[in-house]
Amino acid sequence: MVEQGMKPIAEGLFTIPSLPGEQPRLIGSKCRNCGRVYFPKEVVCNACFQEDMEETLLSNRGKLYSFTIIHQKPMAYSGPMPYAMGLVSLPEGPTIMSLLTGCDFEKLELDMDVELVLEKIVEEDETVTYKFRPVQA
Amino acid sequence: MREVVILGIGMHKAGEFPDKTNLELGRAATFGALRDAGMEFKDLQSAYFSKNKADPTASIGEMMLGRMGLTGMPVVNLENDSCSGSSAFWLAYNAVAFGRYDISLAVGVEKLVLPPSMSPPPPPATEYEAALRAMGIADISTRAALAMRRRMHDYGETVGQFARVSVKNHKNAAHYPYAQRQKEVTLDEVLNSLPICDPLTLLQCCPPLSEGCAAAVLCSKDVAKRYQRGKNITVASAVLRTASESTSGVGLTAAGLSKSTAKEAYNIAGIGIDDIDLIELCDPFTVNEVIHYEDLGLCDQGEGGRIAGDGRTDIGGERPVNTDGGLLARGHPSGCTGLYQIAELVLQLRGQAGPRQVSGAKVGLAHLEGSGPVATVIILKR
Ligand SMILES: [Zn+2]
């Protein structure tokens, strides 16, 4: 999993565990006025127009709302082909566009439970990102 | 508000034209629209110019139109993703409807500045956007695939129903000389074309590269009498909206924005879906046409796939959709797609659509939705 020296794909998207057994979490923001939760973090709540947000850590488990297997390589991507991505709904409300990992493409199913992990995109590169993988039964 | 009519339309064919300049494309459509209106360039009082989002040229509209004639009229350049051309139309419409000018031009050009292999992608707007690109999950084609799979799960739709939209739209475009793709395709060809992102295949996507130009001349009803050219087409409503509620996630399968935009356009025009004879709608991918059937009121939520398969949106069906081939086959030069839609509705309402003619067409609707999100709905009647 995550080792020393790895760098996050972007600042402020997720926490990197420092203790054994600690889980990574996505970092969102929650409106203190209406309770709406955003990922990635927002400054203004576009539902109630208030500028009163607090940082919040999101659940590291969600449900797979939909998925696709990508067969054509996008320009900025240098990972393995083909690969799976999905849209994950979290209990707090946000849906997260994410790479999927640790899965047999054939066994992906809508609404299955998935959990957050941190992984590299490319083996040779230090950069880590968030991904979701099916929860082992 | 004053009644506004469309006096003229002009188009250049959609496609790839490496040997043509911006100016050549723009001139073809602008002069075409003026000829159609029975007008001269100097009659124009204001112009709204929509363009390709990748074109960095400053004030390209002033430059292009200035080389057709220096009249001193105001010119505004705009970019509004897929709604660029329809936004130019919306501005031209407002300018005349609210009495600021009598005659306005809406013109859109899409010209790729560099070949795509040499053209760097636009810089990401945020660090998060950059991260999505590096993860390989930023392409809009993936959103279409995610929506397809979710709809197949929720509504029992089939890949064949989505593919049927592509077969229909290619068939329509085969009869339209300005379309980019003028070759019919079979269901098997659509299903077996290159896999993009499962279950989306290449022939369920609009052409990746499209250039073109389309224009419309709008005029107040009174002033239009000076240029009488037979049947005038009236703008019954032109609405542009952005999101008013968050649709995170759900937005994949039910575009609330298009629904609210259509509702406002129907209200202003004082009509409903039953009064509409034909529709041009936003189909960058087959699934979008199915979703927008529901947004525009052709059917209930979850029934879009079924009506795509049963022929009622074919030419000759109950309410034909994308009679010129839509984004899928006419092409999607985003700087002017909305004006191609207007041109097709005008041809249909005038009874000039040849083999694509919807018999007795009196009212037509044009719809687009783009990143932002932004949506436009324009209703025309004769
Ligand atoms: Zn709020």
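Residues numbered from 1 in each chain as written. Chains lettered and ligands numbered in written order. Predicted model: local features only at pLDDT ≥ 70, side-chain atom pairs only at ≥ 80, totals over all residues. Heavy atoms only, no water.

(A) The arrangement of the coordination of the zinc ion in detail. Residue and element names in this part refer to chain A. For the zinc ion, every protein donor is listed as Cys31 (SG), Cys34 (SG), Cys45 (SG) and Cys48 (SG), and the spread of their distances is 2.3 Å. Each donor residue of the zinc ion lies on one chain, and together they are spaced C-x2-C-x10-C-x2-C. Pair noted here: Cys34 is in the loop between strand S2 (27-31) and strand S3 (37-38) and Cys45 is in the loop between S3 and strand S4 (53-57), with a separation of 11 residues, a long-range link. Looking at Cys45, the relative accessible area reads 0%, which means it is buried. (Donors = N, O, S within 2.8 Å, 3.2 Å for Na, K, Ca; no water. Helix = DSSP H or I, 4+ residues; strand = E, 2+ residues; numbered from the N terminus. Buried < 20%, exposed > 50% of the residue type's maximum accessible area, 1.4 Å probe, protein only.)

(B) A look at the packing of aromatic side chains. For the coordinates displayed, the defined rule picks out 5 aromatic pairs over all chains. An angle of 55° between the planes, with centres 5.7 Å apart, marks the rings of Tyr176(B) and Tyr178(B) as tilted. The buried category is assigned to Tyr176(B), whose relative accessible area is 2%. Looking at Tyr178(B), the relative accessible area reads 31%, which means it is partly exposed. By the ring-pair criterion, three or more aromatic residues cluster together here, those being Phe14(A), Phe39(A), Tyr130(A) and Tyr128(B). Cation over ring: Arg149(B) sits above Phe67(A), and NZ or CZ is 4.0 Å from the ring centre. Taking NZ or CZ as reference, Arg150(B) lies 4.5 Å from the ring centre of Tyr65(A), over its face. (Phe/Tyr/Trp six-rings, centres within 6.5 Å; stacked < 30°, edge-to-face > 60°. Lys NZ or Arg CZ within 6 Å of the ring centre and 35° of its normal.)

(C) Representation of the layout of surface pockets in the model. All names here are of chain A. Roughly 240 Å³ of internal volume is contained in the second largest pocket. Around the second largest pocket, the lining comprises 17 residues; the ones closest to its centre are Pro80, Leu100, Thr101, Glu119 and Lys131. Looking at the lining of the second largest pocket, the elements that each hand over two or more residues are strand S6 (83-89), strand S7 (95-100) and strand S8 (113-120). Of the residues assigned to the lining of the second largest pocket, the class counts are 11 nonpolar, 2 polar and 4 charged. (1 Å grid on protein atoms, 1.4 Å probe; cavity = no way out; pocket = protein on both sides within 12 Å on 5 of 7 lines; lining within 4 Å. Points joined across faces, edges and corners; volume = space filled by probe spheres on them. Nonpolar A, V, L, I, M, F, W, Y, C, P; charged D, E, K, R; others polar.)

(D) Molecular detail of helix H5 (residues 140-155) of chain B. All names here are of chain B. Helix length check: H5, at 16 residues, gives a terminal C-alpha distance of 22 Å against a target of 22 Å (1.5 Å per residue), a fit within 8%. Residues of H5 that are buried include every one of Ser141, Thr142, Ala144, Ala145, Leu146, Ala147, Met148, Arg149, Arg150 and Arg151, and no others. Looking one or two places after H5, you find Gly156, whose phi comes out positive at around 70°. (Expected span 1.5 Å × (residues − 1).)

(E) Up close: the nonpolar core. The biggest cluster of nonpolar side chains holds 78 residues, and the ones touching the most others in it are Leu13(A), Leu26(A), Tyr130(A), Phe132(A), Met135(B), Ile279(B) and Ile379(B). Of all hydrophobic cores here, the second largest spans 41 residues; its members include Met11(B), Ala179(B), Leu278(B) and Ala329(B). (Core = buried A, V, L, I, M, F, W, Y, C linked by side-chain atoms within 4.5 Å.)

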